[in-house]
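One-letter residues, chain by chain:
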Amino acid sequence: MLRSALQNEEGKIRLFVVGLGMVGIAFIEKILNLDEQCRYVIETCGEETHFAYNRVALTEYFQHRSVDKLYLNPPEWYAKQDPERFIFHLGEQVTHIDHEAHVVTTAKGRVFSYDLCVLATGSDASLPPYMPSERAKRVQGVFVYRNIADLDAIIAYAEREGVKGGHGSVVGGGLLGLEAAKAVYDLPTIPEVTILNRQAYPLSRQLDAEAGEMVLRRIESMGVQVVTKLNVQDITTELVGDQEVFTGFDLSDGTHLPSNLVIFAIGIAPRDEIARASGIECHERKGILVDNDLKTSAKDIYAIGECASWKGNTYGLIAPGVEMADILAFNLTQTVTNVGTFQPRKMNAPDLSTKLKLMGVDVASFGDFFADRQTHAKDKETQVKITSKREKSPVKEGITGHAGKPPSVPLPPRPASASNGQPVWEIENGSPPSAHAENNDAVQTTETPVPRRKRHAPRSNLRDEPIKCLTYKDPFASVYKKYIFTADGKYLLGGMMLGDTSDFVRLVDIVKKKKPLTVPPAQFIVGSGNSAESDGADLDDDTQICSCHNVSKGAVVACVKNGMDNLGDIKIKTKVGTGCGGCLPLVTNIFKSEMAKAGMKTNNNLCAHFAMSRADLFNVVKIKGLKTLKEVMETCGVAKDSVGCETCKPAVGSILSSLYNEHVMKPAHHQNQDTNDKYLANIQRDGTFSVVPKCAGGEITPDKLIVLGQVAKKYRLYTKITGGQRIDLFGAQKQDLPSIWAELVQAGFESGHAYGKSLRTVKSCVGTTWCRYGVGDSVGIAIQLEERYKSVRSPHKIKGGVSGCVRECAEAQSKDFGLIATDKGWNIFVAGNGGANPKHAILFATDVPPSKVIKILDRFLMFYIRTADKLMRTARWIESFDGGVEKLKGIILNDNLGICEDLEREMEALVGTYACEWTAVVNDPEKQKIFRQFVNTDERKPQIETITERGQPRPADWPKDFPAVRVGEDEIQTPKSAWTWKKVARFGDFTPTQDGATSVAVRYGDSQIAIFNVPNKGLFATQQMCPHKRAFVLDHGIVGDDLKGNIYVSCPLHKRNFNLSNGECISDPDYKILAFEVKREADDILLLLPDPEDLDPVIGTNKWMIREATAELYGRGGARQIDIVGPNGRRTEIQPAESMQAGCASACGDSKLEW
């Protein structure tokens, strides 16, 4: 006894697949794709000597006679598979399964062990009672239509003498029968073909009598004889030598039909013989019994495809088999992953919509295409009496209304009667339809009244409601359509099409999604004579256009828009059209339409210092390995010795962080940061900061909550729950930040990066952790995503959301990236945001397995970091992206640019550099010095009066309008000639570096002065207060220059730029500040100043500090009527704030710089 090459490798799960057909290979591909952790080693045996091929396209084999053209994957695909993950054996049939010992035995005597086994044995052709399989094998000229061997045998037999030029027959008028009849019809050696069908017309399981009759006439017009309403009693044979040869049929009407060749195509029978022989429970009518998880009665054995019997039903279509493969592969790989748990998927009633080309006729049926037949059957069971108000007499059964049709009578509710015993679909319905009749006749059901629905159970099955049909018949063009609607015309239930099936995909989508109709039902018929084929423009991106391989329109469009310029590549990439091929006309039109569309190109220089866009600068910095702003400016800048500006410095800082993620307080990088990043906290309007510790996924322990409360009480902080499910501590003094962080870090907190252009939060609902509706572990995956992307800096802030079901409690569709759990995986949304210009997120990928989510988000976020413009949210980025979201899908989902591995590798490297920025400060006394309010004293000076509101401290209100202020030297009583040099600081207080500017604040009397050290440019000093909002914050601002070399500081609150040499406001001439001369003597910094008692009346803190009364003075109760007397005795009339210049069009200044 031979053993398998598959060994019980430690940590590997041995997965054996019995059968290498269409469903078997689909399952194997899905496992290989979803098994990110490589937990499975797959082994399979295929009974045939061929690789898995497309059985749906068997008829084409008669034309090209090449099995290679039918392969679902070329031989090279198998050759390049990792033998540590996938092993296959061709021409070897499994004959027995010992489910106790977990081994299978093959016809070659080999034994393979397994941990899990999947039966995908498919089906055999059914044979009538008079033709047992032994007789079929014995009699020459008797065939079935199931595999390549059958077709080769048919072709060879048709070439024989005595058969060639003879008559061929097909028993069966269903889908398989017409496929076989077309194959025989195409054989040049068989000129005459007959179809024998015991029903009155072909395709009786897909079409009604009227449509079936049209198919019958079309087939007969081709020269094919169709015998209906007759049964075959037996075949006739004769002996030729020692061989029994088929000669014809004896029919139920007593006639004989001579024939030289017969193909039996009366149906299929699940191949369950291995299961039965192995003691696995099977259905009495054949088929391996499986539950909703596709498990059989034997432990660790599953069954999928045509061999499986689910709730007494077996399915002979490829689509339900692929759906089973989807479900099982998902459950084996995605329910427990490194991104959390997920509810297992369950088997549901599959969509049995069908679209094929049979005998040259396009035929399609979709939804509940026999709803009217079931209604009529129910009508016969229910006796209904109708009474006219005017006649007051009973109306006899069978009476007709207008045009010889029965009056419209609402039917009583019926039990679900779908072919599989389950409702096709349901909608919310608050009350039953009211009875009505034409001509004001009252219609009443007397014997079987419509029962009142209970108010607490409003759901109803649409199939239990009255229906109406619209039909269209064109006998000249052989076109027939019947669409079935609810009686109110609001919903489409199903239908059938013959001759013209161009609307099939659109109508299937409407039925599957239960979409309320937005047009009158007649519009589905009107215009059907239009010969122009649809380009799919009215289809949603997630509309399935290929049911064989579950390919959406969006997948095809994305390929076309992103570089695939031929249909062959698209078919290889997506497998669209490689099943039955019925979707190819629509796919071709979508391809042509998208190829005709053009995108827009944009180019945007970063600022005056860089003549290139942020994306271009990112690539240059990355390729050249530039590590500091100085290096970037010398390599890429317009002026090599420029300082930079408030636009390019944060952008370069973000690029450097996105590439190298060095601590932002490193001297070379600190000067690039805007105030929030500079001090690792969010500056508030009073000059204090807010502290937001990370609460990944919104989850926090009681102990941590207690610590937050204790810290807030100790430092008198205002506390508030944020919209991102975190706790924000407001009012922290800059000098207290390291101490606050130390206590939080000790309690296990990390920086929440609320201050950075980086990931803020990943909001979540409780998902499967608590919620009874939860499908996915939203908390688990939200925590993992937040932990993964924490500190990753990007062109703008990033927010995420994860909802555990479609109820969407986490508002994921308003985030830069969002996940919503479905029963098949996660739907990924991107490019949503709130704010002044809210944007609903775009559905980017559907039913993504949990193990694939991080890979897609890694690619998306890294590509955004690479290519977005400065301060551009994801929504605006996609709006301006050349080619739009469809091109982006191609890049991220289909790797059309071949960069996805690079994006994944870069993100993996970036997240691997994480270190808590707060912790770094707590552990570094030198960094803590930067947080001093004043470098020349430990005394503190409040910036705004603090008031108490609702039991919490907060800063006094800003007035509605501040008068503009220009502070000049002439306001100081002492002339400048009398000023003296005062030592105020040491040069070492700056933490100086040649890589960029540094700044400090000093206290001089009651005045606050900001001092700036700009390498190669000199020392500068100004008042600390920005007069725009009376904020003492200028030392926090970014130091920049213009192309003329003028050095300025940009106020961190609203981006007013003040020239450091003369104090003039560059962006608004209504403002001016005091500038002071500075010099350095050894390590001492000296300023030329008047005495404190002369300077304090002009810029003293107490003079300008906002108090509660300030708002009353300026913004309430006639503030505009109050005159202000300045320090020089001049009166200043308060005017409403004028519109600001230099791009400052709002209270927040230049909208391009808003945070």
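What counts and how
Residues numbered from 1 in each chain as written. Predicted model: local features only at pLDDT ≥ 70, side-chain atom pairs only at ≥ 80, totals over all residues. Heavy atoms only, no water. UniProt positions renumbered as here; feature names shortened; annotations may be inferred. Core = buried A, V, L, I, M, F, W, Y, C linked by side-chain atoms within 4.5 Å. Buried < 20%, exposed > 50% of the residue type's maximum accessible area, 1.4 Å probe, protein only. Contact = heavy atoms within 4.5 Å. Phe/Tyr/Trp six-rings, centres within 6.5 Å; stacked < 30°, edge-to-face > 60°. Helix = DSSP H or I, 4+ residues; strand = E, 2+ residues; numbered from the N terminus. Lys NZ or Arg CZ within 6 Å of the ring centre and 35° of its normal. Pairing = 2+ DSSP bridges. Axes fitted to C-alpha atoms, helices over the stretch in contact; angles between N-to-C directions.

For the protein, the name recorded in an unreviewed UniProt entry is Rieske domain-containing protein, with Serendipita vermifera MAFF 305830 as its organism. Its UniProt record gives the protein a comment under Pathway (unreviewed entry), which states: "Nitrogen metabolism; nitrate reduction (assimilation)." In its Sequence similarities (unreviewed entry) section, the UniProt record describing the protein reads: "Belongs to the nitrite and sulfite reductase 4Fe-4S domain family."

Peer 1: Before we go on, may I ask you to explain the nonpolar core in this structure?
Peer 2: In a soluble, globular protein the nonpolar side chains are often hidden away together inside. Membership of the largest hydrophobic core comes to 142 residues, with the highest contact counts inside it found for Phe27, Leu119 and Ile304. When neighbours within four sequence positions are excluded, Phe27 is seen to be in contact with Leu15, Val17, Val118, Ile304, Ala325, Leu328, Ala329 and Leu332. Core analysis: the second largest hydrophobic core is formed by 67 residues, Val339, Leu785, Met872 and Phe881 among them.

Peer 1: Teacher, can you tell me more about the packing of aromatic side chains here?
Peer 2: When we look at a pair of aromatic rings, we describe it by the centre distance and by the angle of the planes. Using the criterion set out here, one finds 30 aromatic pairs in the structure. Summarising the aromatic geometry, the rings of Phe863 and Phe881 are spaced 5.9 Å apart at their centres and angled 80 degrees between planes, so their arrangement reads as edge-to-face. Linking Phe863 in helix H23 (residues 850-867) with Phe881 in the loop between helix H24 (874-880) and helix H25 (884-893), this pair joins segments that are 18 residues apart in sequence. You can call Phe863 buried: its relative accessible area is 6%. The exposure class of Phe881 is buried, given its relative accessible area of 15%. An aromatic cluster is defined as three or more aromatic residues linked by ring pairs; in this entry it consists of Phe51, Tyr71, Trp77, Tyr78, Phe86 and Phe88. Over the ring of Tyr660 we find Lys627, and its NZ or CZ is 4.7 Å from the ring centre. One Lys or Arg, Lys1029, reaches over the ring of Trp958 and ends 5.1 Å from the middle of that ring.

Peer 1: Explain the sheet that holds strand S25 (residues 361-367) to me, please; I cannot follow it from the model alone.
Peer 2: Hydrogen bonds between backbone groups are what pair the strands of a sheet, and the pairing can be parallel or antiparallel. The sheet built from five strands is open, its strands ordered S24-S25-S32-S31-S30 with antiparallel pairing. Two strands lie at the open edges of the sheet, namely strand S24 (354-358) and strand S30 (467-474), each paired on one side alone. Each strand of the sheet is rotated relative to its neighbour by a mean of 10 degrees, with strand direction disregarded. Where S30 meets strand S31 (residues 479-486), eight bridges bridge the pair, whose relative direction is antiparallel. By the bridge assignment for S31, Tyr472 is matched with Lys481.

Peer 1: Whenever I open this one, the sheet that holds strand S38 (residues 727-732) confuses me. Can you help?
Peer 2: If you trace the four strands from one edge of the open sheet to the other, you get S35-S36-S38-S37, paired in antiparallel fashion. Looking at strand neighbours, the two that pair on one side only are strand S35 (682-683) and strand S37 (718-721), the edges of this open sheet. By the bridge criterion, four bridges tie S37 to S38 in an arrangement that is antiparallel. Residue Lys720 lies in a different strand from S38, and its bridge partner there is Asp728.

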